[in-house]
Structure formats: C-alpha cells, structure tokens
Amino acid sequence: MQTVREVWLKLLRCFLTGETPDLPEDVDWNALAKLSEIHNVQGILGATVDRLPPEAKPEPPVAEALEKALLATVRQLTERACLFEALLKRFDAENISYLLFKGAVLRDYYPIPELRTFGDIDLLIRPADRDRSDALMRSIGFSVEVAGRVYTYRKEPEFYEIHTALIDEEINDNVVWRDAFADVWQHAAPDETDPNRFLPTPEYHLVYLLTHLAKHLHNDGAGIRQYMDIACLLHGEPGLDHAAVDARLEALGLTKFAKLVFFFL
C-alpha cells in the first residue's frame, strides 16, 4: 500500500516529467491537498490532476479547490513576474548590475514557469552598488524591513531580498562557505539582451543550491520545492559539466550530501 507521501511525490514527479501517474484506488486527496498546501505546491498538484483521466480525478470538492489553486497561482505569479521585470528596468536605468539566482532563474526550468512559487525574490548586487540600490528601492515606495548583510524590501505584493553575497552567514565555526562563494561574479555571464543582467553558470548555480539546501536542513528544515528546483535544473541542463560540479562540492565538503540528494531525486 502506497503512503500519502509516496503518492504525493509520484504526482509531483509526473508534473516535472509529463508522465501520467499510475495511482492506487484508495487515494486520500484531502491529505494530498493539505500536504501540498504546507509545501506551497497546490498549483502544481492542480496542474497534475488536470491531466488525469476522469476516473482518476478526485471528487468535485477537492478537484474544484485544486483547480482554483492552480488558476490563483498562475495569476499571482504572473503579476509578480511582471512587477519584477519592471523593477529590473529601474535597475537598468540606474546602470546597476544585478545577478539573478534561485527562483528568478529556476522558474524557467519548470514545465509551467508560473507554478514555481516563491515568498521573496532574491537579487544579487555588487557591494559597491548597495547605497544606490537602497536609494532606488526607497524612492519607488518600498519599505525596508531589514538592513544588514541582506536588505529586505516590501511593497505588496512584492517582497525582495537584495544580497551582496550568495552566502551571508555560516552555519557553524567549522564551515566556511561564505568565502567559497565570494567568486560568484567570476562565474556569471551577462544576458545577451541586457548588459546589466547576469546569470550564474548552471554548474555554479547547482552547487549553490545544494549548499543552500544543506544550510536549510542544518537550521530548520527544507520544503519539497528546494528538491524540485535541483531536479529541474539537472533535467534542463543535459550538458552540465559534472566534473566541475564534483570538484567544487569536494572543496566544500558536500560530496556525500550531494550524492544523497541526487539518489532521492
């Protein structure tokens, strides 16, 4: 008998692969919907259910709730993506370079980018541009919630974290990851259409995502979306230089951890 979590993971995997899941007869759709709500992937579950044959779909109350979650997620994420692009144009106008990472990049690896949910949107700038970036955000109506190593800004429905380093703090005295990612701009390429917009190389980004996941697991745990991000990047980059990834993971002491993550993907 498959557990709720096993069925749930199968459904999420099928969203990424486009396959039709082979489901047991006794699916607890209420439990699946609740689990998806906890991990903020209701829209993804809704999209997967939408592709199921009629006989495999949940009863109307759950099916309708999942369809509503799917449409709401697409609407909200589309709005926020448009607002984010408008903000980046303001950075361009001020000639402030920025590097996109995490959700802003990973969403394009998802079968439906608008279903890659996020709370905040992360942006990396050069330390020398901190004052200009802060002045810009304040001038267009954002309130500053935190002003430390990372500045956080909010103007509903927008919420941004603007970093000057990929790793802002260590998890303990025995791990030095902040310095290991100080070379991020050396592993970034400018976007062909925008000289101020930079993207990390897929290899560098993958190592960062694994490091970020390890930090979350050490501190307070991680949701399923972080694992889905890694799976999507791996699937979307078939030409990935695995030797370069392995070398960097080894230097960070994360080889065994990464192998364990890859095994469960």
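Note that the coordinates shown come from a computational prediction; the quantities given were computed from them, not determined experimentally.

Reading the values: rules and limits
Residues numbered from 1 in each chain as written. Predicted model: local features only at pLDDT ≥ 70, side-chain atom pairs only at ≥ 80, totals over all residues. Heavy atoms only, no water. Axes fitted to C-alpha atoms, helices over the stretch in contact; angles between N-to-C directions. Helix = DSSP H or I, 4+ residues; strand = E, 2+ residues; numbered from the N terminus. Parallel < 35°, antiparallel > 145°, perpendicular 65-115°, else oblique. Contact = heavy atoms within 4.5 Å. Nonpolar A, V, L, I, M, F, W, Y, C, P; charged D, E, K, R; others polar. Buried < 20%, exposed > 50% of the residue type's maximum accessible area, 1.4 Å probe, protein only. Core = buried A, V, L, I, M, F, W, Y, C linked by side-chain atoms within 4.5 Å.

Chemist: Whenever I open this one, the packing of helix α2 (residues 29-38) against helix α3 (residues 42-50) confuses me. Can you help?
Modeler: Each pair of packed helices can be summarised by the angle the axes make with each other and by the distance between the axes. Interhelical geometry of α2 versus α3 gives an angle of 140 degrees and a closest axis separation of 8 Å. Considering their axes alone, α2 and α3 lie oblique with respect to each other. Mapping the contact onto sequence places Trp29, Leu32, Ala33, Ser36 and Glu37 in α2 and Gln42, Leu45 and Val49 in α3. Along the lines of polarity and charge, the residues of the contact of α2 with α3 split into five nonpolar, two polar and one charged.

Chemist: I tried to follow the environment of Lys259 on my own but got confused; where do I start?
Modeler: By secondary structure assignment, the location of Lys259 is in helix α10 (residues 255-264). Lys259 gets classed as exposed once you look at its relative accessible area, which sits at 57%. A sequence separation of 13 residues divides Lys259 from Asp246, and the C-alpha atoms of the two residues are 9.9 Å apart.

Chemist: What exactly am I supposed to notice about the side chain of His205 here?
Modeler: With respect to the helices and strands, the residue His205 is situated in helix α7 (residues 202-219). Beyond its immediate sequence surroundings of up to four residues, His205 is in contact with Phe101, Lys102, Val105, Leu106, Pro200 and Leu233.

Chemist: Just to check I follow, could you spell out the nonpolar core for this structure?
Modeler: Buried together is how nonpolar side chains tend to be arranged in soluble globular proteins. Judged by nonpolar contacts, the single largest core of 29 residues is most densely connected at Leu99, Leu166 and Phe181. Contributions of two or more residues to this core are made by α7, α8 (224-236), α9 (242-252) and α10. Counting 24 residues, the second largest nonpolar core, distinct from the first, contains Leu32, Val41, Leu45 and Cys232.

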